[in-house]
Every structure is written in structure tokens, then in C-alpha cells.
Amino acid sequence: MKKLEDSLGEESVEVIYDRRELTFTREKGIDCEYFKMTFLFSDSPLEILDIELQLKSNIVVLAEVLESIEYSDKELVEFAWWYFENNK
């Protein structure tokens, strides 16, 4: 998971954890588009309550965002759990 965290950084994706919310953001650049994805975790039972994705510019589907950072939705969910567990 640390390798995935480093890779996200190389893709200009910022990861921020604050009060049960884990947010991935990337600003628009020459080779990439803006997105913001937020995972909301519950306390009891421990689960992901909501995943919100905001896209801007001409990205129109989640698949393009995932392709641009070279990870699947499953990998991002697994990373979100790992990050949450190690930073709560």
C-alpha cells in the first residue's frame, strides 16, 4: 500500500484524512484533469458510508479518472481502508 501511496503522489494526487473523511484530489495540469474523491467512514460498524466523486473539465466518466492514475476502483477502495486504519 505504501507503493500505491507513493505512486498516487507521482500522479499529482493529494491524499488527506480528516475526521472520518479520506479525500483524494488532483488539480488540473498539462497531462491530467481535476478530480476530487471523498470516502466517508462510519465509526460503528466500521464501514465506508459514502464515496463522492467530483469531476471537472472534460472528464465525463470515472473510468477515465481511474485510468489516468493507473488504479482500479477496487485498488482505491482497498487503499482507502488501509490509509484510514493507519491514520485514524
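Everything in this summary refers to the structure shown in the same document. Keep in mind that this is a model prediction, so the values were computed, not measured.

**Re the packing of helix α1 (residues 2-10) against helix α3 (residues 73-87)**
Here's step 1: Interhelical geometry of α1 versus α3 gives an angle of 110° and a closest axis separation of 10 Å. As summarised for this structure, α1 and α3 are arranged roughly perpendicular, according to the angle between their axes. Across from K2, L4, E5 and L8 in α1, the residues of α3 making contact are E75, L76, F79, W82 and Y83.

**Some points on the nonpolar core**
Here's step 1: If you look at the biggest cluster of nonpolar residues, it comprises 19 residues, and the most contacted ones within it are L8, L22 and F24.
Here's step 2: Residue assignment for this core shows that the elements contributing at least two residues are α1, β2 (21-26), β3 (35-41), α2 (62-69) and α3.
Here's step 3: Considering each element in turn, this core owes the most residues, five residues, to α3.
Here's step 4: Beyond its immediate sequence surroundings of up to four residues, L22 is in contact with V15, I16, Y17, M37, T38, F39, F41, A80 and Y83.

What counts, and at which threshold
Residues numbered from 1 in each chain as written. Predicted model: local features only at pLDDT ≥ 70, side-chain atom pairs only at ≥ 80, totals over all residues. Heavy atoms only, no water. Axes fitted to C-alpha atoms, helices over the stretch in contact; angles between N-to-C directions. Helix = DSSP H or I, 4+ residues; strand = E, 2+ residues; numbered from the N terminus. Parallel < 35°, antiparallel > 145°, perpendicular 65-115°, else oblique. Contact = heavy atoms within 4.5 Å. Core = buried A, V, L, I, M, F, W, Y, C linked by side-chain atoms within 4.5 Å. Buried < 20%, exposed > 50% of the residue type's maximum accessible area, 1.4 Å probe, protein only.

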